[in-house]
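A structural walkthrough
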Amino acid sequence: TQLLEQSPQFLSIQEGENLTVYCNSSSVFSSLQWYRQEPGEGPVLLVTVVTGGEVKKLKRLTFQFGDARKDSSLHITAAQTGDTGLYLCAGTGNTGKLIFGQGTTLQVKP
Amino acid sequence: SAVISQKPSRDICQRGTSLTIQCQVDSQVTMMFWYRQQPGQSLTLIATANQGSEATYESGFVIDKFPISRPNLTFSTLTVSNMSPEDSSIYLCSALRVRGTGNTIYFGEGSWLTVV
């Protein structure tokens, strides 16, 4: 069974601080996605990484896929209150299904 | 992009009753999935909805409790049967579109069920 371990599960920081969320597995994933979800809505895709070692940037968000395609990280620079939400990593498993990490609830305080 | 409509978006249900959630995608997709999500927590895959055949269930989920239909490439239903308060959750429909340029997964906005 392919599993994704996401950490930390809760994060409360002040506006302007930096943070990193990690997603790790013992299995190889063909691709890995990061989602952000707000209350009352479905997950919204932020990025997909497919190549080992790949780094993608989305404004203040930097996503990295490990060389072995078993881990990924999301780094947010100078967090803003609008970044508050649930962040989910998800990997495409060998059966084509999307396997989710436990999620990280981020609270950015003004 | 694909748009996924789910209904109901929210409902309060009596213990012991059953409720069917509908998921409509605005264009053909390869695969459809149903997830369950407790508020503030991650998503747990219930099953893959197969077109024209029985759904493929994940460990811990059974057809008698969560019957699923997918009569065509754009529509699926999930029924939560004989509900108990433990079934109170958000149920999300997801669709996978496979293309030569890559796979894309879309999510509905979820159906929030409260069982009383």
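As the structure is a prediction and not an experimental result, all values here were calculated from the model. (Residues numbered from 1 in each chain as written. Chains lettered and ligands numbered in written order. Predicted model: local features only at pLDDT ≥ 70, side-chain atom pairs only at ≥ 80, totals over all residues. Heavy atoms only, no water.)

On to the interface of chain B and chain A. Counting residues at the interface gives 16 residues for chain B, matched by 17 residues for chain A. Both sides together, the interface formed by chain B and chain A hides about 1300 Å², and carbon and sulfur atoms give 57% of it. Ranking the residues of chain B by area buried against chain A places Ser42(B), Ile105(B) and Phe107(B) at the top, with a combined share of 35%. In this structure, the connection of chain B to chain A is made through zero salt bridges. Elements supplying a minimum of two residues to the side of chain B that touches chain A: strand E4 (31–37), strand E5 (43–49), strand E9 (89–99) and strand E10 (102–107) of chain B. Tallied by class, the residues present in the side of chain B that touches chain A amount to eight nonpolar, six polar and two charged. (Contact = heavy atoms within 4.5 Å. Buried area = accessible area lost by both parts, 1.4 Å probe. Salt bridge = Lys/Arg side-chain N within 4 Å of Asp/Glu carboxyl O. Helix = DSSP H or I, 4+ residues; strand = E, 2+ residues; numbered from the N terminus. Nonpolar A, V, L, I, M, F, W, Y, C, P; charged D, E, K, R; others polar.)

Strands pair in a sheet through their backbones, by hydrogen bonds, and they do so in one of two ways: parallel or antiparallel. Residue and element names in this part refer to chain A. Pairing is antiparallel in the open sheet, where five strands are placed in the order E1-E3-E8-E7-E6. This sheet does not close on itself; its edge strands, each paired only once, are strand E1 (5–7) and strand E6 (55–58). Strand-to-strand twist of the sheet, defined as the mean angle between neighbouring strand axes without regard to direction, takes the value 15 degrees. Sheet topology places strand E3 (residues 19–24) next to strand E8 (residues 71–76); six bridges connect them, and they run antiparallel. Bridge pairing in E8 links Tyr22 to Ser73. (Pairing = 2+ DSSP bridges. Axes fitted to C-alpha atoms, helices over the stretch in contact; angles between N-to-C directions.)

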